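Working through the structure, step by step
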Amino acid sequence: MSAILLLVVRIIIAMGLYAFLGWAFWTLYQDLVSQARSLSIEALPKLSLRVQNEPLPRPFQQLEVMIGRDVGCDLRLADSTVSGRHAKISFQQGQWWLEDLNSTNGTFLNQTRLTEPVVLTIGDEIRCGQVQIYVESLS
């Protein structure tokens, strides 16, 4: 009887040890993922956009900048020619990309209508509906 009891105690101790090791590895993994995210955001270059008739540019330091009339957009444009979610600027492959989101009046980069995502450079002029946006800085 005592041999069976000793075996059960050993199994319980082994299961507790494996559970503790699993928890420890999971915690370490979560910490590594969190640190990798924070480092990638710190390395993300700032994007400065100036909307027409505004004296100061608006700085952004995030992976995506949504442009549109919608309240949830990062760059909100109160103009009836701008769609709710008009365009998106995203940081991919070490560059800033501009993409039209099937807007009604289209997105233009330097007077050319976008049909696919394109790379942004300093001095580019973006037009969403009738609103001009100027790329001031990409660093």
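Quantities reported herein were computed from a predicted structural model and do not represent experimental measurements.

Things to note about the environment of Phe 60
As for its placement among the helices and strands, Phe 60 is situated in strand S2 (residues 58–60). Sequence separation between Phe 60 and Arg 10 is 50 residues, and the spatial gap between their C-alpha atoms is 57 Å. Non-local contacts of Phe 60, meaning those with residues more than four positions away in its chain, are made with Pro 45, Lys 46, Leu 47, Leu 49, Val 65, Asp 74 and Leu 75.

Quick word on the sheet that holds strand S3 (residues 64–68)
Strand order in this open sheet of 5 strands is S4-S3-S5-S6-S9, and the pairing throughout is mixed. The sheet terminates laterally at strand S4 (75–76) and strand S9 (118–119), the two strands that pair on one side only. Here 4 bridges tie S3 to strand S5 (residues 87–92), and the two strands are oriented antiparallel to one another. Its bridge partner being in S5, Met 66 is matched across the sheet by Lys 88.

Details of the nonpolar core
Leu 47, Leu 75, Leu 77, Ile 89, Ile 126 and Ile 133 are the most contacted members of the largest nonpolar core, which totals 22 residues. Elements with a contribution of two residues or more to this core: strand S1 (47–51), S3, S5, strand S6 (95–100), strand S10 (125–128) and strand S11 (131–137). Residues within four places of Leu 75 in sequence aside, it is in contact with Leu 49, Val 51, Arg 58, Phe 60, Val 65, Met 66, Ile 67, Gly 68 and Ile 133.

Overview of the packing of aromatic side chains
Within this structure, the stated rule accounts for 3 aromatic pairs. Between the aromatic rings of Phe 20 and Trp 23, the centroid separation amounts to 6.0 Å while the plane-to-plane angle is 35°, which identifies the pairing as tilted. One end of the pair, Phe 20, and the other, Trp 23, are both in helix H1 (residues 2–42), 3 residues apart, so they sit about a helical turn from each other. Lying across the ring of Phe 108, Arg 127 places its NZ or CZ 4.0 Å from the centre.

Quick word on the confidence of the model for the chain
Looking at the chain as a whole, its pLDDT mean stands at 92, while 97% of the residues score no less than 70. By mean pLDDT, H1 is the weakest element of the chain at 89, and strand S7 (residues 107–109) is the strongest at 97.

Some thoughts on the sheet that holds S10
Hydrogen bonds between backbone groups are what pair the strands of a sheet, and the pairing can be parallel or antiparallel. Spatially, S2-S1-S11-S10-S7-S8 is the arrangement adopted by the 6 strands of the open sheet, whose pairing is antiparallel. Taken across any chain shown, the strands that pair with only one partner, and hence form the sheet edges, are S2 and strand S8 (112–113). Where S1 meets S11, 4 bridges bridge the pair, whose relative direction is antiparallel. When the bridges of S11 are listed, Val 51 appears paired with Ile 133.

Cut-offs applied
Residue positions are given per chain, counting from 1 as you read along its sequence in written order. For a predicted model such as this one, the threshold for reporting local features is a pLDDT of at least 70, and the threshold for listing and counting side-chain atom pairs is 80 or more; totals across whole chains, interfaces and linings nevertheless cover every residue. Only hydrogens and water are set aside; all other atoms, that is, all heavy atoms of the structure, feed into the side-chain values. Counting from the N terminus, the helices are DSSP H or I runs at least four residues long and the strands are E runs at least two residues long. Whether two residues are in contact is decided by their heavy atoms: any pair within 4.5 Å suffices. Here the rule is simple: two strands pair whenever DSSP picks up at least two bridges between them. Joining through side-chain atoms within 4.5 Å is the link that ties buried Ala, Val, Leu, Ile, Met, Phe, Trp, Tyr and Cys residues into a set, and such a set is a nonpolar core. Here the term buried applies to any residue with accessible area under 20% of the maximum for its type, exposed to any over 50%, and partly exposed to those in between, with areas from a 1.4 Å probe on protein chains only. Working definition: a ring pair exists when centres of Phe, Tyr or Trp rings (six-membered ring for Trp) sit within 6.5 Å. Plane angles under 30 degrees give stacked, over 60 give edge-to-face, the rest tilted. Working rule: Lys NZ or Arg CZ, within 6 Å of ring centre, within 35 degrees of ring normal, means a charge sits over the ring. pLDDT measures the predictor's confidence residue by residue and takes values from 0 up to 100.

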